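Given next are the chains, with one letter for each unit.
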Amino acid sequence: YQAKQAGKNRYQLFDVAQDISTRRRVESRARVAQALLQNEFVLHFQPKVNLRLGQVVGAEVLVRWQDPQRGLLAPGLFLPDIEGHALSAQLGDWVLGAALAQLADWQRAGIHLPLSVNISAHHLQQPHFVGRLAELLREHPHVNPADLELEVLETSALEDIPRVSAIMRGCQALGVSFALDDFGTGYSSLTYLKRLPASVLKIDQ
């Protein structure tokens, strides 16, 4: 089929390893879609600690997959297979909704603990990202939007600065803040910080 699509009078070598990899990725995506429908994903929370005061001042949201057959799976075992796919945005929406629900639960229990959520470039640049975030916030009216921080990789933010900057400002208008993750792995030009309205930098090692 690849030879046919590329034109006449040619041949294409069959790559067994690539075929196996492609089939595995397709199967993985199908399982992720099924897992979303069956609510198999769970959130874990990595505390942020002020080392001067010895106090927990927030937490970072980490998604895990509670697969009935394989047990608890780390993100590295399934996120790469859906990167850039529509499932990435769907899972991202689920994580945002679950994080806001957790904030609401903690608030009812008298616990104030701001949360940071990683947002993929594909998810952030969805046409209706700001509107979808606004909907999720309306579903949890008692949650202070300032308690939600979105983390964006520096390298993904630099892919399309004008667009990403506009989306970030739209989210900030809702009261949500931003952190620039892995700062130092991209161009690391301080000039970009004037155009990317992040309030926190996470410096890479």
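Rules and cut-offs
- Residues numbered from 1 in each chain as written.
- Predicted model: local features only at pLDDT ≥ 70, side-chain atom pairs only at ≥ 80, totals over all residues.
- Heavy atoms only, no water.
- Helix = DSSP H or I, 4+ residues; strand = E, 2+ residues; numbered from the N terminus.
- Buried < 20%, exposed > 50% of the residue type's maximum accessible area, 1.4 Å probe, protein only.
- Contact = heavy atoms within 4.5 Å.
- Areas by Shrake-Rupley, 256 points an atom, 1.4 Å probe, with all protein chains shown as cover.
- Axes fitted to C-alpha atoms, helices over the stretch in contact; angles between N-to-C directions.
- Parallel < 35°, antiparallel > 145°, perpendicular 65-115°, else oblique.
- Left-handed = near helix turned anticlockwise from the far one by under 90°.
- Nonpolar A, V, L, I, M, F, W, Y, C, P; charged D, E, K, R; others polar.
- Core = buried A, V, L, I, M, F, W, Y, C linked by side-chain atoms within 4.5 Å.
- Salt bridge = Lys/Arg side-chain N within 4 Å of Asp/Glu carboxyl O.
- 1 Å grid on protein atoms, 1.4 Å probe; cavity = no way out; pocket = protein on both sides within 12 Å on 5 of 7 lines; lining within 4 Å.
- Points joined across faces, edges and corners; volume = space filled by probe spheres on them.
- Arc of directions from axis to C-beta.
- Patch = residues over 30% accessible without salt bridge, like charges linked within 9 Å, V, L, I, M, F, W, Y side chains within 5 Å.

(A) A look at the overall build of the chain. Regarding its fold elements, the chain presents 9 helices and 7 strands. Based on the C-alpha atoms only, the size of the chain along its principal axes is roughly 70 × 45 × 35 Å. Taken across its 205 residues, the chain has 36% of its residues classed as buried. Residue pairs at least 24 apart in sequence account for 65% of intrachain contacts in the chain once pairs closer than 6 positions are excluded. As presented, the chain carries roughly 12,400 Å² of accessible surface, and 53% of it is formed by carbon and sulfur atoms.

(B) Region of the structure containing the packing of helix H4 (residues 86–108) against helix H6 (residues 129–139). As a packed pair, H4 and H6 sit with axes 10 Å apart at the nearest point and diverge in direction by 30°. Regarding the angle of H4 to H6, the classification is roughly parallel. Where H4 crosses over H6, the two elements pack in a sense that is right-handed. Along its contact with H4, which presents Asp93, Leu96, Gly97 and Leu100, the element H6 presents Phe129, Arg132, Leu133, Leu136 and Leu137. When grouped by side-chain class, the residues that make up the contact of H4 with H6 number 6 nonpolar, 1 polar and 2 charged.

(C) Up close: the nonpolar core. Core analysis: the biggest nonpolar cluster contains 47 residues, and Phe41, Leu96, Val117, Phe129, Leu133 and Leu150 have the highest contact counts within it. With 10 residues, the top contributor of residues to this core is H4. Leaving out residues up to four positions away in the same chain, Leu133 has contacts with Leu96, Leu148, Leu150, Cys171, Leu174 and Val176.

(D) Molecular detail of the pattern of salt bridges. Scanning the entire structure with this criterion turns up 10 salt bridges. Ionic pairing is found between Asp67 and Arg70, a salt bridge with its closest N-O pair at 3.4 Å. In this structure Asp67 comes out as buried when scored by relative accessible area, which is 3%. For Arg70, a relative accessible area of 51% gives the class exposed.

(E) View of the layout of surface pockets. Within this model, the largest pocket holds a volume of roughly 820 Å³. Around the largest pocket, the lining is made up of 31 residues, and of these Leu79, Asn118, Ile119, Ser120 and Leu153 lie nearest the centre. Elements that contribute at least two residues to the lining of the largest pocket include exactly strand S2 (55–67), helix H3 (79–82), H4, strand S4 (115–119), helix H5 (121–124), strand S5 (148–153), helix H7 (154–157) and strand S6 (177–183). Broken down by element, the residue count for the lining of the largest pocket peaks at 5 residues, all from S2. The class makeup of the residues in the lining of the largest pocket is 13 nonpolar, 10 polar and 8 charged. Estimates place the volume of the second largest pocket at around 250 Å³.

(F) A look at H6. Every buried residue of H6 is accounted for by Phe129, Leu133, Ala134, Leu136 and Leu137. Buried positions in H6, seen along its axis, are confined to an arc of 165° and lie on one side of it. Of the surrounding elements, those touching the buried residues of H6 are H4, S4, H5, S5 and helix H8 (161–173).

(G) Focus on a nonpolar patch on the surface. Taken together, Val49, Leu51 and Val56 make up a surface patch of nonpolar side chains, about 310 Å² in accessible area. With respect to the helices and strands, the residue Val56 is situated in strand S2.

(H) How the structure looks around unusual backbone geometry. Residue Asn39 is not a glycine yet carries a positive backbone phi of 55°. Here Asn39 is to be found in the loop between helix H2 (16–37) and strand S1 (41–50).

(I) Representation of the packing of H6 against H8 in the model. Relative orientation of the contacting elements H6 and H8 amounts to 20°, with a least axis distance of 9 Å. Relative to H8, the element H6 is oriented roughly parallel. Handedness of the crossing formed by H6 with H8: right-handed. In this structure, H6 contributes Phe129, Val130 and Leu133 to the contact, and H8 contributes Ile167, Gly170 and Cys171. Split into classes, the residues belonging to the contact of H6 with H8 amount to 5 nonpolar, 1 polar and no charged.

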